[in-house]
Amino acid sequence: MERIKLSFPAHTPPLSVIAALHISSSPVTTDSSSAAATVPTFIFSDGRKLSGTSVLLRYVARSAPSLPDFYGHDAFESSQVSCLIDEWVDYACVFSSGSEFENACSRVDNYLQSATFLVGHSLSIADVAVWSALSGSGPRWESLRKSKKYQNLVRWFNSISLEYAEPLSKVAAYTVKKGSGKPVAASKSKDQQTDANDKGKPEVDLPGAVMGKVKLRFAPEPSGYLHIGHAKAALLNKYFAERYQGEVIVRFDDTNPAKESNEFVDNLVKDIGTLGIKYERVTYTSDYFPELMDMAEKLMREGKAYVDDTPREQMQKERMDGIDSKCRNHSVEENLKLWKEMIEGSERGLQCCVRGKLDMQDPNKAMRDPVYYRCNPMSHHRIGNKYKIYPTYDFACPFVDSIEGITHALRSSEYHDRNAQYYKRKLLWFVQQGLVGGWDDPRFPTVQGIVRRGLKIEALIQFILEQLWTINKKIIDPVCPRHTAVIEERRVLLTLTDGPDEPFVRLIPKHKKFEGAGEKATTFTKRIWIEGADASAISVGEEVTLMDWGNAIVKEITKDEEGRVTALSGVLNLQGSVKTTKLKLTWLPEIDELVKLTLTDFDYLITKKKLEEDDEVATFVNPYTKKETLALGDSNMRSLKCGDVIQLERKGYYRCDVPFVKPSKPIVLFSIPDGRQHQPLSAAK
C-alpha cells in the first residue's frame, strides 16, 4: 500500500494533524529533520505534495473510512455540518494568540453548555483541532484545567482525552510539559506507524483525468500585473498538474492591443515564477491568428457566422430582447465582402464585427450570437501592425485549447471571465491617476504588491483553501525575530536612579521560542526611552514591567503646562513578579546607536467593499490609505535586509522595504496585516 510522509518544522509540529492521524490509525511516517518542509506537508510516494495544517487535517478526515463523521462521507461533501466543522478548524488558531486565549476558552465553554461535541453527536476534526490547540498551549491550559473557571470546556477536554487516551498519548511526545508549552517535535518520530490501508488521493478530482496525461493552461491577458484572483487560478492549475503528474502551459491571451504591453508580459512571467509555478512553455494566442482567421472564414462560408454592422448599443438591446439582427441572414458573399473590409481596417470595416450564428432565444444571453471578431487598427505589442482584426476570448480560447491539447480548462470568476478584466481596469485607473506608486504598490492586490507588503508566497499558496493574512501570521510568528521600537513623537525618558552607572550589553534571544532566529545585543542604561502613551498610563508609585529586564517602580512624574508627561523617574525592583504588574512596557536605551525608522501602515484604496461594474472609481477613493510614523529602533535592526520580516514588540509584524543605509536615513518598515480588523487610517490620531 502507498506510504505517506508528514514533513514539518521541528519547532512547530502540526498537533491537530498528528492527533487525527493517530485517532484514525492512518499509516503516515513523520520527518521533522532540518531538511523538512517549512510548513506541514504530506509527501506521497509518487512525489505529490499537499501543504497546510488545515488542508492536511481535512485530508486525513476524508481518508478515514472508519470514522464517517470525522468530516464528511466523501471528498465532495459540502453540507452544513462540514461548514460548521470548517469554522471550528479555522477558529482553533485563535488559541495560539496570547491576548485572545481566555476569550477563546470562554467562547468554547459557553458553546459546550448543551453540547457533548463541537459539531454533531460524535468526534470530528473540529474537536481534534481545538483539543490540540489547548494541549499545545502547555502550562497556561493546565492551570486553567485545574481550576473551576471553564467547567464545560474542561469536561469536554477530559472526555476526549479519556476516550482516545491511547492515540492522544502519542501527541504528548510533541509538546513540552513545562516552560512555555511550545510544541516541539519528538526525537523518535520516524517510521513508527503502520502501512497504509487506504491509498492517498487528491482532495478534489478532475473529471475524466488520467494520471500523467493532464494538460492545463493558465491564460491571463497581458493588460496588468498578476493580482490575487489570478494567483489563485494559477495555483489551482499548479495543484492539479502536480496531483496528476501533468503539465501547465502559460498562454497569454493577447487579443486586445489597446490594453496590452510587453511590460505586462514580462511581469506576469516574473509573478508566475514567484508563485513557484513550473510550466511546460509559454505560448500566445497571437501565435494562432492565421488559423483563427481561417476558422472564422470557414464558419461564414458554412453559414454559421455572419458580419454585423449594427451599432453596439442597439446590438446589446437586441441581444437582451432576443431580437435577430438585420444582418443575420446576409448571403455568404455579402459576409465575405464585409470580412475583407474588416481585414483591411477600412472605415466600413471598422463599423463591423463577426458574430456566431447560434440561438437568439437561448436563456443564457451570452450565447445569443456572441461576437467572434472585432476590427481594431491599433498596433499589437508583439506583431506590430500586421493585423487590423482580433478575435474575442470566447472564440479564440476553445479553439487554441484544442490545438494545444488542453485536457481540462479550469473556469471560475478568478480565471478569464469578465471579473478579471474588470479588476485590471480598476487597478489601471489608480496607476494612471498617480494615486499609487505603480503595479507593485503595497496597497495593490497584485502579487508584487502583497509580496512587497510582507506576505509570504507559501501563505498565498495556502490561500487557495485558507484565509490569507491569518495564515501568513501563523507562518511568520513562530520564526520571525522580535525587535523593539518606540514612537519618536512624545517619547519620554524614564530615569532609573539605581540603574547601571555604566551601560552594559547582554545577549538575549530574538525569539524566545525559536533558537534559529539568533540573538540580539540589548544595552541596559540608567535612562531609557518609553512610549508617550505608556508614560501617560502610569501612576506615581505604580510598579511596571520593563520587558526583557524586570520590574521598576515609578516614583516621580513630570508634566508640562498642558498636562502631558515629559519625564519619569523610578527605581528598579528586579525581584518583583511580572504577574502582578498591569503594564508591560517596551523600552530602548538612551544611546546613539539607535536607528531611525519609518513605520508605514496602509489602508484600503477604496471605501466601498466591492465596486460594481458601473461604479465610478473616483467616487469611492479613500483619501487616507498610507500613514508614516517616525520611530526609533534597537541597534540590531541595522542588519535587516530588504524583504526581512520581523515583529516589533507590542506593535505587530513588519517587512523591511528599505534597509539601513546611514544613520540619517530611516529604515522603512511596512506593516503586515494579521487578519484582524483594524481602525481606518482616516480615524487614526
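Cut-offs applied
Residues numbered from 1 in each chain as written. Predicted model: local features only at pLDDT ≥ 70, side-chain atom pairs only at ≥ 80, totals over all residues. Heavy atoms only, no water. UniProt positions renumbered as here; feature names shortened; annotations may be inferred. Helix = DSSP H or I, 4+ residues; strand = E, 2+ residues; numbered from the N terminus. Buried < 20%, exposed > 50% of the residue type's maximum accessible area, 1.4 Å probe, protein only. Contact = heavy atoms within 4.5 Å. Areas by Shrake-Rupley, 256 points an atom, 1.4 Å probe, with all protein chains shown as cover. Core = buried A, V, L, I, M, F, W, Y, C linked by side-chain atoms within 4.5 Å. Expected span 1.5 Å × (residues − 1). Arc of directions from axis to C-beta. Pairing = 2+ DSSP bridges. Right-handed = clockwise from strand over helix to strand, strands pointing away. pLDDT = per-residue confidence, 0-100. Axes fitted to C-alpha atoms, helices over the stretch in contact; angles between N-to-C directions. Parallel < 35°, antiparallel > 145°, perpendicular 65-115°, else oblique. Left-handed = near helix turned anticlockwise from the far one by under 90°. Nonpolar A, V, L, I, M, F, W, Y, C, P; charged D, E, K, R; others polar. Salt bridge = Lys/Arg side-chain N within 4 Å of Asp/Glu carboxyl O. Phe/Tyr/Trp six-rings, centres within 6.5 Å; stacked < 30°, edge-to-face > 60°.

As annotated in an unreviewed UniProt entry, the protein carries the name Glutamate--tRNA ligase and is attributed to Brassica napus. If you open the UniProt record of the protein and go to Sequence similarities (unreviewed entry), you find "Belongs to the class-I aminoacyl-tRNA synthetase family."

Digging into the overall build of the protein
When helices and strands are tallied, the protein shows 19 helices and 27 strands. Among the 685 residues that make up the protein, the fraction classed as buried is 51%. Pairs at least 24 residues apart make up 70% of the contacts formed inside the protein by residues separated by at least 6 positions. Counting every atom, the protein has about 32,700 Å² of accessible surface; 50% of that belongs to carbon and sulfur.

Considerations on the nonpolar core
Ranked by internal contacts, the top residues of the largest apolar core, which has 67 residues, are Phe42, Phe70, Leu134 and Trp156. Ignoring anything within four residues of it in the chain, the contact list for Trp156 reads Leu112, Thr116, Phe117, Leu118, Asp127, Val130, Trp131 and Leu134. Listed in part, the 25 residues of the second largest apolar core include Tyr288, Ala296, Met342 and Val354.

Some points on helix α11 (residues 289-301)
With 13 residues, α11 should reach 18 Å at 1.5 Å per residue; the first-to-last C-alpha distance of 18 Å fits that figure. Phe289, Leu292, Met293, Ala296, Leu299 and Met300 are the residues of α11 that are buried. Angular distribution of buried residues about the axis of α11 spans 125 degrees; they occupy a single face of the element. The inward-facing, buried residues of α11 contact β8 (305-308), α13 (332-344), β10 (371-375), β11 (389-391) and α14 (393-404). Following α11 by one or two positions, Gly303 adopts a phi angle in the positive range, close to 75 degrees.

Some words on the pairing of strand β2 (residues 28-31)
Taking every second residue as pointing to the same face, both faces of β2 are buried, with Val28 and Thr30 on one and Thr29 and Asp31 on the other. In this structure, strand β1 (residues 4-7) lies alongside β2, joined through four bridges in parallel fashion. Note on β2: the bridge partner recorded for Lys5 is Thr29. For the crossover from β1 across helix α1 (residues 15-23) to β2, the handedness is right-handed.

Focus: the pairing of strand β6 (residues 247-252)
The buried count for β6 comes to five of six residues, which makes it a mostly enclosed element. Handedness of the crossover joining strand β5 (residues 215-218) and β6 through helix α9 (residues 228-243) is recorded here as right-handed.

Focus on the confidence of the model for the protein
Chain-level statistics for the protein give a pLDDT mean of 84 and a share of 87% at 70 or above. Under a pLDDT of 50 for its full length, residues 73-79 has, in the predicted model, seven contacts with residues more than four places off or in other chains. Confidence drops under a pLDDT of 50 for residues 412-422, and excluding neighbours within four residues, the segment shows 26 contacts in the predicted structure.

Topic: the sheet that holds strand β9 (residues 353-356)
In space, the four strands of this open sheet follow the order β8-β9-β10-β11, with antiparallel pairing throughout. Here the strands that pair on one side only, and so sit at the sheet edges, are β8 and β11. Direction aside, neighbouring strands of the sheet carry axes that sit 20 degrees apart on average. In the sheet, β9 pairs with β10 via three bridges, with the strands oriented antiparallel. By the bridge assignment, Cys353 is partnered in β10 with Arg374. Across the sheet, α11 is in contact with β8, β10 and β11; its angle to β10 comes to roughly 115 degrees. Contacts from α13 reach β8, β9, β10 and β11 within the one sheet, and its direction differs from that of β8 by about 60 degrees.

Topic: the packing of α11 against α14
Interaxial distance between α11 and α14 falls to 11 Å at its minimum, and their mutual angle equals 110 degrees. On the basis of their axis angle, the class for α11 and α14 is roughly perpendicular. Between α11 and α14 lies a crossing of right-handed hand. Two secondary-structure elements touch here, α11 through Glu291, Leu292, Met295, Ala296 and Leu299 and α14 through Phe395, Ala396 and Phe399. By residue class, the composition of the contact of α11 with α14 is seven nonpolar, no polar and one charged.

Let's talk about the sheet that holds β5
Pairing in this open sheet of three strands is parallel, and the strands run β5-β6-β7 from one edge to the other. Where the open sheet ends on each side, the last strands, each with one partner, are β5 and β7 (281-284). When the angles between neighbouring strand axes are averaged without regard to direction, this sheet yields 35 degrees. Where β5 meets β6, four bridges bridge the pair, whose relative direction is parallel. If you follow Leu216 over to β6, its bridge partner there is Val248.

A word on the pattern of salt bridges
For the coordinates displayed, the defined rule picks out 29 salt bridges. A salt bridge links Arg251 to Glu404; the shortest N-O distance between them is 3.0 Å. Pair noted here: Arg251 is in strand β6 and Glu404 is in helix α14, with a separation of 153 residues, a long-range link. The two residues Arg251 and Glu404 agree in class, both being buried. Glu628 is paired through a salt bridge with Lys626; the nearest N and O atoms lie 3.8 Å apart. Its relative accessible area of 44% is what places Lys626 among the partly exposed residues.

Description of the packing of aromatic side chains
This model, assessed by the stated rule, comprises 23 aromatic pairs. Taking the centre distance of 5.0 Å and the plane angle of 90 degrees together, the rings of Phe602 and Phe670 count as edge-to-face. Here the residue Phe602 occupies a position in strand β23 (residues 595-602), and Phe670 occupies one in strand β27 (residues 667-672), the gap between them amounting to 68 residues. Like Phe602, the residue Phe670 is buried in the burial classification.

Remarks on the environment of Lys213
Here Lys213 shows up in the loop between α8 (165-169) and β5. The contacts of Lys213, once residues within four sequence positions are left out, are Tyr244 and Thr407.

Some points on unusual backbone geometry
For Asp369, which is not a glycine, the phi torsion comes out positive at approximately 45 degrees. Relative to the helices and strands, Asp369 resides in the loop between β9 and β10. Phi at Arg490 is positive, roughly 60 degrees, even though this residue is not glycine. With respect to the helices and strands, Arg490 occurs in the loop between β13 (485-487) and β14 (492-496).

A short note on helix α2 (residues 53-62)
When you tally the buried positions in α2, you get eight out of ten residues, the bulk of the element. Within the span of α2, buried status applies to Ser54, Val55, Leu56, Leu57, Arg58, Tyr59, Val60 and Ala61.

Some points on the packing of helix α6 (residues 139-146) against helix α7 (residues 151-163)
Between α6 and α7, the shortest axis-to-axis distance is 9 Å and the interhelical angle comes to 110 degrees. With respect to α7, the element α6 is oriented roughly perpendicular. Contacts between α6 and α7 involve Trp141, Leu144 and Arg145 from the former and Leu153, Val154, Phe157, Asn158 and Ser161 from the latter. Classifying every residue of the contact of α6 with α7 gives five nonpolar, two polar and one charged.

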